[in-house]
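Residue-level structure breakdown
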Amino acid sequence: MIYVPSTVPHIFSAMYIPAIYTGLIIGFFSLIAISMQKRDIHVLVLTDVVGFAMLIVVAGVGTDLAESFILPGLVVELAEVLAISEILISREMRKISADNPSASFNPMPMKYDMEILTTAPNFLSLLLIAYGVFLTGFTGGAIAGGGILLYILSRKARGLPVFVINGVSGVSGIGWCMWIIAFWIFFVAPQYWLLCLFLAACGLLLKVATKMGLIGVLMREEYGKD
Amino acid sequence: MSLASLGGNLLGIVPLGDIVFYLNPLHLFLFVAILIFTFLIAISHTETQVEAEFGTLGDKKQSVGLKEFKARRFLSVICGIATAGAMITGDLYNFTLFMSLVGILNIGIISSVKQIGVLDSVFQYGLIAMMCSLPLFGGAAIVLGACGTVSLLAIQSMKPTAMMIFGAIMLFIGVCGESGIAPFFASKAEMFRTPGSPFLLIVHLSSLFIIIRAIEIVLIICT
């Protein structure tokens with residue numbers, strides 16, 4: 001009782017069993033490595049390897065339902081890695097402050113000594129944003145967001161108030177609304193599909209590009225300091 | 001084994017596209033029971049701990065701030081709702097997602113106690129929960145690959161093959177790791193007398209209910 005459509009080449013369907021074996025073997029070896037490790041951070045990184053083995057096992061099935069297993073699996077892995085590393089950090093902070101109550105946990109000021117950050121950040125970020133707008137959609141949003149990130153990291157935006165950055169992130173919510181409205185119109189009035197397509201693509205571009213928390217910029221005090 | 005011999009007579013089927021709910025007495029009982037417990041936890045307050053200080057006659061009160069209390073209550077209520085969803089669902093895919101949600105929420109609930117010992121144990125629990133996402137999602141994917149569907153209503157009429165049984169066993173290992181072991185880590189660190197204790201009870205309740213449901217699902221797939 002195997003439901004493999006005849007359009008799928010035999011070599012793809014034959015990869016299923018090797019993929020499962022690969023995933024299970026990688027998971028097993030990672031578990032052995034975890035049992036030998038002593039430092040917590042190494043254990044955390046090796047545990048992430050087990051998560052990748054999970055992705056291999058799920059991806060071996062290769063249908064659209066399997067893809068819908070991969071997305072939550074990946075998100076759950078990321079969320080758990082973030083949560084556990086936060087727990088690790090706060091535990092270590094508590095341990096250190098129990099020994100030495102005057103220890104300071106202020107973030108270090110960021111010091112970059114790269115020539116590219118002083119010579120051409122304007123041009124590069126403009127190029128990235130223009131290319132991202134040309135691409136539109138999720139990929140374009142990530143590229144344009146990279147351009148904004150580069151502009152913030154360079155010295156050009158030093159002292160930009162946190163309030164402004166939060167406001168830029170608020171645009172992300174409007175982009176999300178555009179995306180939802182586009183999908184709603186798409187179901188209600190399919191004859192305006194071109195409008196919906198552009199509305200969704202531009203909304204997603206705005207959302208991803210301005211969502212700076214997503215691309216790794218957390219506004220802390222280190223911006224604007226030296 | 002048929003659905004009727006595991007959970008009682010089928011009371012009805014709710015076809016929502018490709019997600020088909022089926023209602024039987026066992027699921028309804030578990031669903032209503034966990035919702036009642038969730039309601040009780042939602043209206044409860046955190047415990048204020050009074051510690052006698054050593055060497056003096058003074059007492060020290062350890063209470064929880066309003067913001068932290070709200071965060072914990074939110075996590076507990078969401079955990080209860082996720083458990084209720086895992087009780088009523090008739091779909092292996094939804095069950096897997098609810099399981100991973102319960103795993104993350106358990107990490108959040110336990111880690112809200114800010115003591116070094118508790119943070120140590122929740123770190124270990126989180127590692128195990130992450131490792132067990134391999135058997136959880138992998139087992140569900142193997143069942144999907146072997147059956148071509150994740151609807152339990154469709155799986156129960158199929159004859160079990162070796163891959164289906166292997167996938168079901170992996171799924172059960174995953175469920176044990178995501179939620180089944182949580183009470184051991186929760187009770188390990190004197191947590192039931194820490195400030196904010198009643199919210200930790202949802203960890204126990206959810207693992208109790210989910211293990212029952214997981215055994216039922218494994219029996220549906222394997223027999």
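Residues numbered from 1 in each chain as written. Chains lettered and ligands numbered in written order. Predicted model: local features only at pLDDT ≥ 70, side-chain atom pairs only at ≥ 80, totals over all residues.

1. What to know about the overall build of chain A
For the record, the criterion: Put simply, DSSP marks the helices as runs of H or I at least four residues long and the strands as runs of E at least two long, and each gets a number from the N terminus on. Burial in this document is a count-based property: other C-beta atoms within 10 Å of a residue's C-beta are tallied, and the residue is buried at 20 or more, exposed at 12 or fewer, or partly exposed in between, with C-beta positions derived from the backbone.
Counting secondary structure elements, chain A contains 9 helices and 0 strands. Put simply, chain A has 226 residues, and 23% of those count as buried.

2. So, the overall build of chain B
Heads up, the condition is: The contact rule is simple: place each C-beta atom from the backbone, and if two of them lie within 7 Å, those residues are in contact.
Within chain B one finds 10 helices and 4 strands. Reading chain B from its N end, one meets helices and strands in the order α-β-β-α-β-β-α-α-α-α-α-α-α-α. Along the first, second and third principal axes, the C-alpha atoms of chain B reach 70 × 35 × 25 Å. Here chain B, with 223 residues, has 46% of them falling under the buried criterion. Taking all contacts inside chain B whose residues are at least 6 apart in sequence as the whole, residues at least 24 apart take part in 73%.

3. Considerations on the confidence of the model for chain B
Spelled out, the test is: Think of pLDDT as the predictor's per-residue confidence, scored from 0 to 100.
When the pLDDT values of chain B are averaged, the result is 84; 92% of them are 70 or greater. For this predicted complex, the interface score ipTM comes out at 0.81, alongside a pTM of 0.78.

4. Description of the interface of chain B and chain A
How big an interface is tends to be stated in terms of accessible area lost as the parts join. To be explicit about the condition: Side-chain classes follow a simple rule in which Ala, Val, Leu, Ile, Met, Phe, Trp, Tyr, Cys and Pro form the nonpolar group, Asp, Glu, Lys and Arg form the charged group, and the remainder, Gly included, forms the polar group.
Of the residues lining the interface, 27 residues belong to chain B; the matching set on chain A comes to 33 residues. Listed by contribution, the elements that provide at least two residues to the side of chain B that touches chain A are α4 (92–111), α5 (116–131) and α6 (133–147) of chain B. Sorting elements by how many residues they give to the side of chain B that touches chain A places α5(B) first, with 10 residues. The class makeup of the residues in the side of chain B that touches chain A is 18 nonpolar, 8 polar and 1 charged.

5. Considerations on the domain arrangement of chain A
Worth spelling out the cut-off: Domain ranges listed in this record stem from an automatic or a database domain assignment.
On domain assignment, one finds that chain A holds domain 1 (10–99) and domain 2 (116–210). Here domain 1 of chain A and domain 2 of chain A have C-alpha centroids that lie 31 Å from each other.

6. Looking at the packing of helix α3 (residues 66–88) of chain B against helix α10 (residues 201–222) of chain B
Residue and element names in this part refer to chain B. Rules: Angles run from 0 to 180 degrees between N-to-C directions of axes, and those axes are lines fitted to C-alpha atoms, restricted for helices to the stretch in contact. Working rule for angles: under 35 degrees goes down as roughly parallel, over 145 as roughly antiparallel, 65 to 115 as roughly perpendicular, anything else as oblique.
The N-to-C vectors of α3 and α10 enclose an angle of 10 degrees; their axes lie 10 Å apart at closest approach. What the angle tells us is that α3 and α10 run roughly parallel. On α10, the residues that touch Ser76, Cys79, Gly80, Thr83, Ala86 and Met87 of α3 are Ile202, Ser206, Phe209, Ile210 and Arg213. Grouping the amino acids of the contact of α3 with α10 by side-chain chemistry returns 6 nonpolar, 4 polar and 1 charged.

7. Section: the pairing of strand β1 (residues 12–16) of chain B
Residues and elements named next belong to chain B. Rules: We treat two strands as partners when DSSP finds at least two bridges between them.
Taken across its 5 residues, β1 has 0 buried, putting it largely on the surface. Here β1 pairs with strand β2 (residues 19–23) via 5 bridges, running antiparallel. Along β2, the bridge assignment pairs Val14 with Phe21.

8. A look at the packing of helix α2 (residues 25–42) of chain B against α3(B)
All names here are of chain B. At a minimum axis separation of 8 Å, α2 and α3 run at an interaxial angle of 175 degrees. Here α2 lies roughly antiparallel to α3, going by the angle between them. Residues His27, Leu30, Phe31, Ile34, Leu35, Phe37, Thr38, Ile41 and Ala42 of α2 form the contact with α3, whose participating residues are Arg73, Ser76, Val77, Gly80, Ile81, Thr83, Ala84, Met87 and Ile88. Each residue belonging to the contact of α2 with α3 can be placed in one class, and the counts come to 12 nonpolar, 5 polar and 1 charged.

9. Section: helix α9 (residues 193–210) of chain A
The condition that has to hold: Every helix has an expected span of 1.5 Å times one less than the residues it contains.
Counted at 1.5 Å a residue, the expected span for α9(A) with its 18 residues is 26 Å, and the 25 Å between its end C-alpha atoms agrees. Among the residues making up α9(A), those that are buried are A:Cys196, A:Ala200, A:Gly203, A:Leu204, A:Leu205, A:Leu206, A:Lys207, A:Val208, A:Ala209 and A:Thr210.

10. Re the pairing of strand β3 (residues 49–52) of chain B
Residues and elements named next belong to chain B. Bridging between β3 and strand β4 (residues 59–62) involves 4 bridges; their strand directions are antiparallel. Across the sheet, residue Glu51 finds its bridge partner in β4, namely Lys60. Where β3 folds back on β4, the antiparallel hairpin that results is connected by 6 residues, among which Gly55 adopts a positive phi of roughly 90 degrees.

11. Concerning the environment of A:Cys202
Residues and elements named next belong to chain A. For Cys202, the location among the structural elements is in helix α9. Residue class for Cys202 comes out partly exposed when judged on the 19 C-beta atoms lying within 10 Å of it. Sequence separation between Cys202 and Trp176 is 26 residues; the distance between their C-alpha atoms is 9.8 Å.

12. Digging into the nonpolar core
Our working rule: As used here, a nonpolar core is made of buried Ala, Val, Leu, Ile, Met, Phe, Trp, Tyr and Cys residues. They are joined through C-beta atoms within 7 Å.
Core analysis: the biggest nonpolar cluster contains 77 residues, and B:Ile109, B:Ile110, B:Val122, B:Ala140, B:Ala141 and B:Val143 have the highest contact counts within it. Counting residues per element, this core draws most heavily on α4(B), which supplies 13 residues. Ignoring anything within four residues of it in the chain, the contact list for B:Ile110 reads B:Val118, B:Val122, B:Tyr125, B:Phe185, B:Ala186 and B:Val203. Grouped together as the second largest cluster of nonpolar side chains are 15 residues, A:Ile143, A:Leu150, A:Cys196 and A:Ala209 included.

13. Let's talk about the confidence of the model for chain A
All names here are of chain A. Residue-level pLDDT values for chain A average 81, and 84% of them are 70 or greater. Confidence, expressed as mean pLDDT per element, reaches its minimum in chain A at helix α5 (residues 116–119) with 74 and its maximum at helix α2 (residues 16–36) with 91. Here residues 220–226 is modelled with pLDDT under 50, and outside its nearest four sequence neighbours on either side it reaches 12 contacts, counting other chains as well.

14. A word on unusual backbone geometry
In this structure, A:Thr136 is a non-glycine residue whose phi angle is positive, near 55 degrees. Along the chain, the position of A:Thr136 falls in the loop between α6 (121–135) and α7 (137–153).

15. Points about helix α3 (residues 40–59) of chain A
For an α-helix the count is 3.6 residues per turn, leaving residues at separations of three or four pointing the same way. Taking 1.5 Å of rise per residue, the 20 residues of α3(A) would be expected to cover 28 Å, and the 29 Å separating its terminal C-alpha atoms lies within 8% of that figure. Within the sequence span of α3(A), burial applies to A:Leu44, A:Leu46, A:Thr47, A:Val50, A:Gly51, A:Ala53, A:Met54, A:Leu55, A:Val57 and A:Val58. Those residues of α3(A) hidden inside the fold are in contact with α2 and α4 (64–99) of chain A together with α5 and α6 of chain B.

16. Digging into the environment of A:Pro121
By the secondary structure assignment, A:Pro121 is in helix α6. A count of 19 C-beta atoms within 10 Å places A:Pro121 in the partly exposed class.

17. Here's the deal with the environment of A:Phe183
Residue position: A:Phe183 is located in helix α8 (residues 162–188). The partly exposed category is assigned to A:Phe183, around which 14 C-beta atoms lie within 10 Å.

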